[in-house]
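Structural overview for review
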Amino acid sequence: MSLEAAIPPHLRTTRSQPLNTPPSYTPPVPAYTARFPQSTKHLVIAIYGAQTKSLPASSLHPLLKFIRSTLTSAPEHWDTASSTDSLGYQTHVVIAYWHSSTAHAAWSAASGFEAWWADLQPGPVGWFKEVFTPPIDRVETVFSDRVVPEGVAHMREDMSGEMREHVYWGSMRDRMPVAQTDALEGEVRKGDGHMGEADGDVDTAERRVRVRGQRNLCVIRSGQDWSDTRPEERKLYLETMHPVLEKGMWFLRDEGGEIGCLENRLMTVLDPEKLTTGTDKTFGLGYFDSMESLEKWSREHPTHMEIFGGFLKYVKQLDNDYTLRLFNEVLVLQQEQQDFEYIGCHPKTGMLSVGPESWIL
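Residues numbered from 1 in each chain as written. Predicted model: local features only at pLDDT ≥ 70, side-chain atom pairs only at ≥ 80, totals over all residues. Heavy atoms only, no water.

Cut-off, in case you're wondering: UniProt positions are given in the numbering used here, feature names are shortened, and annotations may be inferred rather than shown by experiment.
Going by what an unreviewed UniProt entry lists, the chain is known as Phenylacetaldoxime dehydratase and is assigned to Pseudovirgaria hyperparasitica. The heading Cofactor (unreviewed entry) in the UniProt record of the chain holds the text "heme b".

Structure representation (C-alpha cells):
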C-alpha cells in the first residue's frame, strides 16, 4: 500500500532543514492528516475561558450566548471543556474555530462579544482569552482515523490517506510545512518558565493583563476519545493507558516549567448543551516555549515514554484492532499570531505564568 506525504503538494518547497523519517520507513499503525482547501491561508483558534474556585461550568453561559450566534461569521466548530489547575481552580473553556481572521473579527463585533469583553471587570469569575491566528503552513494534524473530525479538522476539505510521517521521533516536525525551511527556534528563557516566589506578590486578580506573544510558541491539543470502544477495549484503556496519560499531563501542569512547558491543562470535554462531564473524551492543551522543548519531552522524559510505550503495548494487545480515537493538532506561532488577555485571574493562569516581564498592564 502506498503512503501519502503529510505535507500537501501546494505547501511543499525545497527543504533546507533535515528530514527525520527513517529510510524505507513503514509506520506500525495507520494515521491520517487533515487536508484544507488550497485557498485557506490561515486559521483562527480561540480559547475563551472562565476561572472559578468552585462555580460549575454553567459560568460559561455568558460566553456561549455569543458562540451560539446564528451569524454567518459564527465559529465553524466549537467545543466546551473543563480542567482543574495547580492551585485547585476550575477552568472552563470554549475552544472555537474560524477559517479566517476576517470571519472571527466580524463575529466578534456583530455578536456583541467585543463590547461585552471590553466592559468586563475583575470579579468572582476570572475571564481569559487566548487567540491564535496561525498561517496554514504553521499547522499540523494527525488522526487515528479519517472518519470522525476533531478540532481544526472540522474546517478540512478532506482527509489524507494513510501517511508516512508518524510514530517516530521528529515526525511532528516533518508534518509541519514551515519546518521545511525554518528551525522554529523559541525564546531562551531564564529560570524554569513559571512564576517565581517574588512574582507571586503581583495581584493579577484585580487587574486586566495582556501578555505579549512568545517567539515560535508551540501549542499542542492532543485528544483521546474512548466513547465508541468495545467493553474489553474500554476496560483496557481506563486501566492501563489513561492513568499513565494523567500522570504525564499533571507533570506538565505542575512541573513542566523545568522542561519548557509554560502551561498545560488536561481537559475533560463537556456536553455542549448540559455543560456536564457526560463524555468519554479528554485532551491535553499544552503551551511550550518551542517545538524543540515539546519534542525533547516526548523523546526523553519518563512520563511521555510511559505514554508512548503504553500505546504501543495497547495496540499490540488488541492485535492492532482498536477503536480508541486519538488526534493531535500542533501550532507554531509567531509573536503577532498570539493574543492573550486575562481579567481577574490568578498569576499562574495560562500565559501569565511566564512572569511580569511579559505582561502588558
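The structure having been displayed, the exposition proceeds.
1. Some thoughts on helix α5 (residues 231-255)
Formally: Elements are defined by DSSP. Helices are runs of H or I of four residues or more, strands are runs of E of two residues or more, and each kind is numbered from the N terminus. Multiplying 1.5 Å by the residue count of a helix minus one yields the expected span of that helix. Throughout, the bend at a residue refers to the angle made by two axes, fitted to the seven residues ending there and to the seven starting there. We call a residue buried when its accessible area falls under 20% of the maximum for its residue type, exposed when it is over 50%, and partly exposed in between, using a 1.4 Å probe and counting protein chains only. In this description, contact between two residues means that some pair of their heavy atoms is separated by no more than 4.5 Å.
Compared with an ideal rise of 1.5 Å per residue, which puts 25 residues at 36 Å, α5 spans 35 Å between its outermost C-alpha atoms and is within 8% of the ideal. Along its length, α5 reaches its greatest deviation from straightness, about 40°, at Leu-238. Of the residues making up α5, those classed as buried are Glu-233, Leu-236, Tyr-237, Met-241, His-242, Val-244, Leu-245, Gly-248, Met-249, Phe-251 and Leu-252. Each element contacted by the buried residues of α5 is listed here: β9 (217-225), β10 (261-269), β11 (281-288), α6 (291-300) and α7 (302-317).

2. Comments concerning the pairing of β9
Worth spelling out the cut-off: Strands qualify as paired when DSSP identifies two bridges or more between them.
Buried residues dominate β9, accounting for eight of its nine residues. For β9 and strand β12 (residues 325-333), the ladder comprises nine bridges, and the chain directions are antiparallel. Residue pairing in the sheet places Gly-223 in a bridge with Phe-327 of β12. Summarising the sheet, β9 and β11 pair through eight bridges and their orientation is antiparallel. Paired with Cys-218 across the two strands is Phe-288, which belongs to β11.

3. Here's the deal with the pairing of β10
When you tally the buried positions in β10, you get eight out of nine residues, the bulk of the element. Pairing of strand β3 (residues 77-84) with β10 involves two bridges; the strand directions are antiparallel. Of the residues in β10, the one forming a bridge with Ala-81 is Val-269. With seven bridges joining them, β10 and β11 adopt antiparallel strand pairing. Among the inter-strand pairings, Met-267 is bridged to a residue of β11, identified as Phe-283.

4. Thoughts on the sheet that holds β3
Keep this limit in mind: The axes are straight lines fitted to the C-alpha atoms, using for helices just the contacting stretch, and the angles between their N-to-C directions are given from 0 to 180°.
Pairing is antiparallel across the open sheet formed by 12 strands, whose spatial order is β6-β12-β9-β11-β10-β3-β4-β2-β5-β13-β8-β14. Of all strands in the sheet, those with a lone pairing partner are β6 (139-143) and β14 (359-360), marking the two edges. By the bridge criterion, five bridges tie β6 to β12 in an arrangement that is antiparallel. Residue Thr-141 lies in a different strand from β12, and its bridge partner there is Glu-329. Contacting β2 (44-52), β4 (90-98) and β5 (126-132), helix α2 (residues 101-110) runs over the sheet at an angle of about 40° to β2.

5. Some remarks on the side chain of Asp-79
Definition in use: In the analysis that follows, any N or O atom pair within 3.5 Å is treated as a polar contact, provided that within protein one partner can donate a hydrogen and the other can accept it, and provided that, for residues neighboring in sequence, both atoms belong to side chains.
Along the chain, Asp-79 turns up in strand β3. At 3.0 Å, the side chain of Asp-79 and the side chain of Arg-221 are in polar contact.

6. Focus on the packing of aromatic side chains
What counts is decided by this rule: Ring pairs shown here join Phe, Tyr and Trp side chains whose ring centres sit within 6.5 Å, with only the six-membered ring taken for Trp; geometry is labelled stacked below 30 degrees between planes, edge-to-face above 60, and tilted in between.
Evaluation of the coordinates by the stated rule reveals 20 aromatic pairs. Seen from their ring centres, Trp-107 and Phe-113 are 5.2 Å apart, and the 25° between their planes marks the pair as stacked. Judged on exposure class, the residue Trp-107 and its partner Phe-113 are both buried. Taken together, the ring pairs connect Tyr-48, Phe-66, Trp-98, Trp-107, Phe-113, Trp-116, Trp-117 and Trp-127 into an aromatic cluster.

7. Some remarks on the packing of α5 against α7
Two quantities define a packed helix pair, namely the angle between the helix axes and the distance between the axes. To keep it simple, the criterion reads: Throughout, the term roughly parallel applies to angles under 35 degrees, roughly antiparallel to angles over 145, roughly perpendicular to angles from 65 to 115, and oblique to all others. Here a crossing is taken to be left-handed if its near helix is turned anticlockwise relative to the far helix by less than a right angle, and right-handed if that turn runs clockwise.
Relative to each other, α5 and α7 sit at 165°, their axes nearing to 8 Å. Judged by the inter-axis angle, α5 sits roughly antiparallel to α7. Crossing handedness for the pair α5 and α7: left-handed. Across the interface between the two elements, Glu-233, Leu-236, Tyr-237, Thr-240, Met-241, Val-244, Leu-245, Lys-247, Gly-248 and Phe-251 of α5 pack against Thr-303, Glu-306, Ile-307, Gly-310, Phe-311, Tyr-314 and Gln-317 of α7.

8. Focus on the pattern of salt bridges
Spelled out, the test is: By definition, a salt bridge exists where a carboxyl oxygen of Asp or Glu is found within 4 Å of a side-chain nitrogen of Lys or Arg.
One pass over the structure, following the stated rule, counts 25 salt bridges. Across the pair Arg-173 and Glu-295 runs a salt bridge whose closest N-O atoms are separated by 2.7 Å. Of this pair, Arg-173 sits in helix α4 (residues 171-175) while Glu-295 sits in helix α6, placing them 122 residues apart in sequence. Glu-295 shares its class with Arg-173; the two are buried. In the salt-bridge network here, residues are joined through shared partners; they are Lys-129, Arg-208, Arg-210, Asp-339 and Glu-341.

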